[in-house]
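# Inside the fold
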Amino acid sequence: MSAATILQELEAVSKAAVDELKRVTNEEALLAWRTTYLGKNAVVVKAFSSLGALPTDERPLVGQGANRVKAALESAYNERAQALKESALIQSLGAQALDVTLPGRPRNRGRLHPDTLILRELLQIFGDMGFQVFQSREVETDEYNFQLLNFPLGHPARDMQDTYFLDVPNRGDNPLVLRTHTSPGQIRAMREIASLNPSNPPPVRVIVPGMVFRYEQVDVRHETQFDQLEGLAIGEGITFSDLKGTLTDMARRLFGPSARARFRASYFPFTEPSAEFDIQCFQCHGKGCGVCGGGWLEIGGSGMVHPVVLANGGYDPARYTGFAFGFGVQRIAMLRYGINDIRYFWENDLRFLEQF
Ligand code: DAH
């Protein structure tokens, strides 16, 4: 046989094979096809053994042609085998798998935790007033959590906050603690901002949101961890009126335009004067009801930043004044959503979480 005849025959066989493969619909036929077109008596295979009988200069042409056809048939075979396997799989899943008219399977939608909802609202409110978020750390030193905030060693006010100490040896008077409040963020924020220009420190407007930890007996109102939001404003000429305006504005944005804030003289080592602040009950508007008791809801602590704290933060108390406040975020969420037990927040009970 001449090279031309062999090549013609290869072409013809290849075309016939591809046509026939289209009609193969089961594994048996597929194997038969393979034997016919790629088995040891197949035309392509024989073409290789006929090479020796051809003149040397025609061998490469025929060899290449046979290789091309063989590769094409093999890949056609693989493709068909794959397609048959897939359709067999679909059939084994049953006709339903292909019923595009069936309704989709419902999926549970995730939603935001009530804590996240309130926190985002608070960030928006204080963001609108020009406060930036300052992130402080959860593991603190005694120095930042207490000493720099004007709680000297052994100061009785330390008993206000039962503290988790970390078991790290050789730290002397400066053990590591889980922060009991977000107030150490005041010192960290002041120092960071003052360091931008130590001889002329820029004003501060920050809020410090975050988790705090206390060694508490857990009950409806107490958890061993909860979120606080700290606020701090330092500048020249800041007064107590600015503090009242800021917290009254927060109350109105949280609980409606008629909400009022009230300040009661109190004591915190890091503010002077200090005040606890209440918001008039949104339920009874000050008359007294089951939500509030006496008409007002206790929210948090506040005051004018103590001169010692200003100095510890790098701000000259002869030139700068400032106010600070801090409150529990869950407390606000409980009031807003009528949640009567703080333990719900971390139990991850879907019956609770699905209500928000
Ligand atoms: N850190 C206080 C606490 O957790 C709350 C507080 C009181 C924060 C007065 C302040 C403040 O910034 O001025 O009990």
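Residues numbered from 1 in each chain as written. Predicted model: local features only at pLDDT ≥ 70, side-chain atom pairs only at ≥ 80, totals over all residues. Heavy atoms only, no water.

Attention now goes to the pairing of strand β6 (residues 261–268). Bridge count for β6 against strand β7 (residues 271–280) is seven bridges, and the pairing is antiparallel. Residue F268 lies in a different strand from β7, and its bridge partner there is T271. The turn joining β6 and β7, which pair antiparallel and follow one another in sequence, is formed by two residues. (Pairing = 2+ DSSP bridges. Helix = DSSP H or I, 4+ residues; strand = E, 2+ residues; numbered from the N terminus.)

Turning to the site of the ligand, a few remarks are in order. The environment of the ligand is formed by 16 residues, the closest being H181, S183, R214, Q228 and E230. Within the side chain of H181, an N or O atom sits 2.9 Å from a nitrogen atom of the ligand. In this structure, an oxygen atom belonging to the ligand sits 3.2 Å away from a main-chain N or O atom of A324. For the ligand, whose accessible area on its own is 360 Å², the fraction buried by protein is 93%. Among the detected pockets, the ligand sits in the largest pocket. For the shell around the ligand, the secondary structure elements donating two or more residues are β5 (225–235), β8 (296–305) and β9 (321–328). Tallied by class, the residues present in the shell around the ligand amount to four nonpolar, ten polar and two charged. (Near = heavy atom within 4 Å. Polar contact = N/O pair within 3.5 Å; in protein donor to acceptor, adjacent residues only side chain to side chain. Areas by Shrake-Rupley, 256 points an atom, 1.4 Å probe, with all protein chains shown as cover. 1 Å grid on protein atoms, 1.4 Å probe; cavity = no way out; pocket = protein on both sides within 12 Å on 5 of 7 lines; lining within 4 Å. Sits in = over half its atoms within 2 Å of the grid points. Nonpolar A, V, L, I, M, F, W, Y, C, P; charged D, E, K, R; others polar.)

Core analysis: the biggest nonpolar cluster contains 37 residues, and L122, M250, F325 and F327 have the highest contact counts within it. If you list the elements that add at least two residues to this core, you get α5 (114–128), β5, α8 (240–255), β7, β8, β9, α10 (329–337) and α12 (350–353). Looking at this core, the element that brings in the most residues is α8, giving six residues. Aside from chain neighbours lying at most four places away, what touches F325 is F126, L229, E230, G231, L243, T246, L247, F277, G301 and S302. Judged by nonpolar contacts, the second largest core, of 25 residues, contains F146, V204, V206 and L310. (Core = buried A, V, L, I, M, F, W, Y, C linked by side-chain atoms within 4.5 Å. Buried < 20%, exposed > 50% of the residue type's maximum accessible area, 1.4 Å probe, protein only. Contact = heavy atoms within 4.5 Å.)

Here the focus is the layout of surface pockets. If a probe the size of a water molecule is rolled over the atoms, the empty space left behind becomes visible. Of the pockets and cavities examined, the largest pocket occupies roughly 910 Å³. R214, Q228, I299, G300 and G328 are the residues nearest the centre of the largest pocket, which is lined by 35 residues in total. When contributions to the lining of the largest pocket are tallied by element, the ones reaching two or more residues are β5, β6, β7, β8, β9 and α10. Here the lining of the largest pocket is composed, by residue class, of eleven nonpolar, 14 polar and ten charged. (Points joined across faces, edges and corners; volume = space filled by probe spheres on them.)

Okay, the pattern of salt bridges next. A full pass over the atoms with the stated rule returns twelve salt bridges. Among the ionic pairs, K22 bridges to D19, the shortest N-O distance being 3.9 Å. Remark: D19 and K22 occur in helix α1 (residues 3–22); sequence separation between them is three residues, near one turn of the helix. With its nearest N and O atoms 3.1 Å apart, the salt bridge here joins E236 to R319. Within this pair, whereas E236 is found in the loop between β5 and α8, its partner R319 is found in the loop between α9 (307–312) and β9, the two being separated by 83 residues in sequence. (Salt bridge = Lys/Arg side-chain N within 4 Å of Asp/Glu carboxyl O.)

Further remarks concern empty space enclosed by the protein. Scanning the model with the defined rule gives one cavity of 30 Å³ or more in all. Lining the largest cavity are F255, S258, A259, Q280, C281, F282 and H285. In the lining of the largest cavity, the residues fall into four nonpolar, three polar and no charged.

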